[in-house]
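Descriptive analysis of the structure
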Amino acid sequence: MADKVLVTYGTTNGSTAEIAEAVAAVLRKDGLSAEARPAPDVASVASYDAVVVGGGLYAGRWHKDARRFVRRHGRTLAGRPVWLFSSGPLDPSASERDIPPVRGVRRAMTRLDARGHITFGGRLEEGAKGRVAGMILRSGKGGDFRDFTAIETWAAGIGHELTRS
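Remember, it's a predicted structure, so these values are computed and weren't measured experimentally.

**Considering the packing of aromatic side chains**
Working definition: an aromatic ring pair is given by the centre-to-centre distance plus the angle between the planes. Scanning the entire structure with this criterion turns up three aromatic pairs. With 6.1 Å between their ring centres and 75° between their planes, Phe85 and Trp154 make a pair best called edge-to-face. Of this pair, Phe85 sits in strand β5 (residues 82-87) while Trp154 sits in helix α7 (residues 148-164); the two residues are 69 residues apart in sequence, bridging distant segments of the chain. A residue is classified by how much of its surface remains accessible, and Phe85, at 0% relative accessible area, is buried. Since its relative accessible area comes to 14%, Trp154 is described here as buried. Here the aromatic cluster, defined as three or more aromatic residues joined through ring pairs, consists of Phe85, Phe120 and Trp154. Between Lys4 and the ring centre of Tyr48, over which it is positioned, the NZ or CZ distance is 5.0 Å.

Take a look at the structure:
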């Protein structure tokens, strides 16, 4: 049985961090020791029994911190249960249908033999960093499209898989 789970993430404006925190909270409710940490802050994954990696989507690519994390820790990750998530669509599409992973995430899934991937809606609100974010907000396409019920349901599935093995 896996006891210690890392939920790590790459985020620019905090939306993906909040999803990671929600995932870790559900795993703790399931009796696991789970912590959410920014990907750049993780020096080693050796002490974790399982890992969840999340990244915001920007222009069809996973957040650079999530990509770097998977590259840097790939060998160690390949030996343990791994799940991936993406966040980003600024519309209800992620709640309406299964959105396949972007190409880079698909490659990471294959390399790591990941047990699963899901795309959640994103959030972009006033004050967000970045020129592109400002343009999106000015066009009226911002908002919060995260579905925390879906996030918690997905995390509970991971918890179930880890506690029954």
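The structure having been displayed, the exposition proceeds.
**Quick word on the environment of Ala25**
Checked against the element boundaries, Ala25 lands in helix α1 (residues 15-29). Using a relative accessible area of 29% as the deciding quantity, one classes Ala25 as partly exposed. It is 9.9 Å that separates the C-alpha atoms of Ala25 and Ala156, two residues lying 131 residues apart in sequence.

**Examining unusual backbone geometry**
Even without being glycine, Ala59 reaches a positive phi, approximately 50°. Structurally, Ala59 can be placed in the loop between β3 (50-58) and β4 (61-62). One non-glycine residue, Asp113, lies in the positive phi region at around 50°. Positionally, Asp113 belongs in the loop between α5 (103-112) and β6 (116-120). For Asp113, a relative accessible area of 63% corresponds to the exposed category.

**Regarding the environment of Arg138**
One can find Arg138 in helix α6 (residues 131-138). Placed twelve residues apart in sequence, Arg138 and Glu126 show a C-alpha to C-alpha distance of 9.4 Å.

**Focus: the layout of surface pockets**
Volume-wise, the largest pocket comes out at about 570 Å³. Leu57, Tyr58, Ala59, Gly88 and Leu90 are, among the 30 residues lining the largest pocket, the residues nearest its centre. Elements with a minimum of two residues in the lining of the largest pocket: α1, β3, β5, β7 (123-124) and α6. Of all the elements, α6 adds the most residues to the lining of the largest pocket, at four residues. Along the lines of polarity and charge, the residues of the lining of the largest pocket split into 13 nonpolar, 14 polar and three charged. A volume near 210 Å³ is recorded for the second largest pocket. Lining the second largest pocket are 13 residues, and of these Arg61, Arg67, Gly104, Val105 and Arg107 sit closest to its centre. Top element by residues in the lining of the second largest pocket is α5. It accounts for six residues. Class assignment of the residues belonging to the lining of the second largest pocket gives a composition of five nonpolar, two polar and six charged.

Thresholds, definitions, all that
Residues numbered from 1 in each chain as written. Predicted model: local features only at pLDDT ≥ 70, side-chain atom pairs only at ≥ 80, totals over all residues. Heavy atoms only, no water. Phe/Tyr/Trp six-rings, centres within 6.5 Å; stacked < 30°, edge-to-face > 60°. Helix = DSSP H or I, 4+ residues; strand = E, 2+ residues; numbered from the N terminus. Buried < 20%, exposed > 50% of the residue type's maximum accessible area, 1.4 Å probe, protein only. Lys NZ or Arg CZ within 6 Å of the ring centre and 35° of its normal. 1 Å grid on protein atoms, 1.4 Å probe; cavity = no way out; pocket = protein on both sides within 12 Å on 5 of 7 lines; lining within 4 Å. Points joined across faces, edges and corners; volume = space filled by probe spheres on them. Nonpolar A, V, L, I, M, F, W, Y, C, P; charged D, E, K, R; others polar.

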